[in-house]
Amino acid sequence: MKRLVWILCAVFVLLAGYVAAGPFLTVHAIRDAVLEEDSRALSRHVDFPALRQSLRVQLADAVVREAGPGLQLSLLGAIGLRVAGSAAGAGVDMMVTPVGLSTLMRGQRLWNLAGGASPMRTGPDPEAGDPLEDAHYRYHSPSRFTVTVRDDRSRPIEFVLTRRGLQWKLSDIRLPLQDVASAGG
């Protein structure tokens, strides 16, 4: 009986360790997929529907904030905001794909791809630095984990991973859009 209790305790400790290490393993798998330009490996670690929805909401909010209350109250302004929101949503749908996300994480622009640049090279870029070099890691709950990095203007970009069962996936990217909207107005 004691042996069964010890085995169950060992299984519980191993399972808890795996769950605790899960977001770190996922973050490093995403980093490796980006560095190796492997869109298939990247897609295994990203919840694309949740990520698209989150970015659509963030961009729509930024467009409304940038427009200001005067434009929001006019009929023409409301129509313009709706059109801008639809365009932003279409842009999110185009960018939030395995190839688009990998391209953005490497610091390339998607319009470079439109000009005929290869979205994925045949091997890792030897000049590419570690995108998570100065990252800050934090648990918010047993099912939510964030990785915060700074952009070239030292603004925080927060990558949010959520857990479903034993699997962690990137489900949200918190962009510093509120800083852009407040700087523009």
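It should be noted that the structure appears before, not after, this text.
A few points on the structure. Just so it is clear, the model here is predicted, and its values are computed rather than measured.

1. Overview of the overall build of the protein chain
- The helix and strand tally for the protein chain stands at 7 helices and 4 strands.
- Reading the protein chain from its N end, one meets helices and strands in the order α-α-α-α-α-α-β-β-β-β-α.
- Of the roughly 11,700 Å² of accessible surface on the protein chain, a fraction of 61% belongs to carbon and sulfur atoms.

2. Overview of the nonpolar core
- L51, L101, L170 and I173 are the most contacted members of the largest nonpolar core, which totals 23 residues.
- Residue assignment for this core shows that the elements contributing at least two residues are α1 (2-35), α2 (39-43), α3 (48-73), β2 (144-150), β3 (156-164) and β4 (167-174).
- If one sorts the elements of this core by residue count, α1 sits on top with 4 residues.
- In contact with I173, other than residues within four places in its own chain, are L51, L55, Q58, L101, I157, E158 and F159.

3. Notes on the side chain of D172
- Examined against the element boundaries, D172 turns out to sit in strand β4.
- Accessibility expressed as a relative area gives 9% for D172, which makes it buried.
- At 3.0 Å, the side chain of D172 and the side chain of R174 are in polar contact.
- Not counting chain neighbours up to four residues away, the residues in contact with D172 comprise L51, S54, Q58, E158, F159 and V160.

About the criteria used
Residues numbered from 1 in each chain as written. Predicted model: local features only at pLDDT ≥ 70, side-chain atom pairs only at ≥ 80, totals over all residues. Heavy atoms only, no water. Helix = DSSP H or I, 4+ residues; strand = E, 2+ residues; numbered from the N terminus. Areas by Shrake-Rupley, 256 points an atom, 1.4 Å probe, with all protein chains shown as cover. Core = buried A, V, L, I, M, F, W, Y, C linked by side-chain atoms within 4.5 Å. Buried < 20%, exposed > 50% of the residue type's maximum accessible area, 1.4 Å probe, protein only. Contact = heavy atoms within 4.5 Å. Polar contact = N/O pair within 3.5 Å; in protein donor to acceptor, adjacent residues only side chain to side chain.

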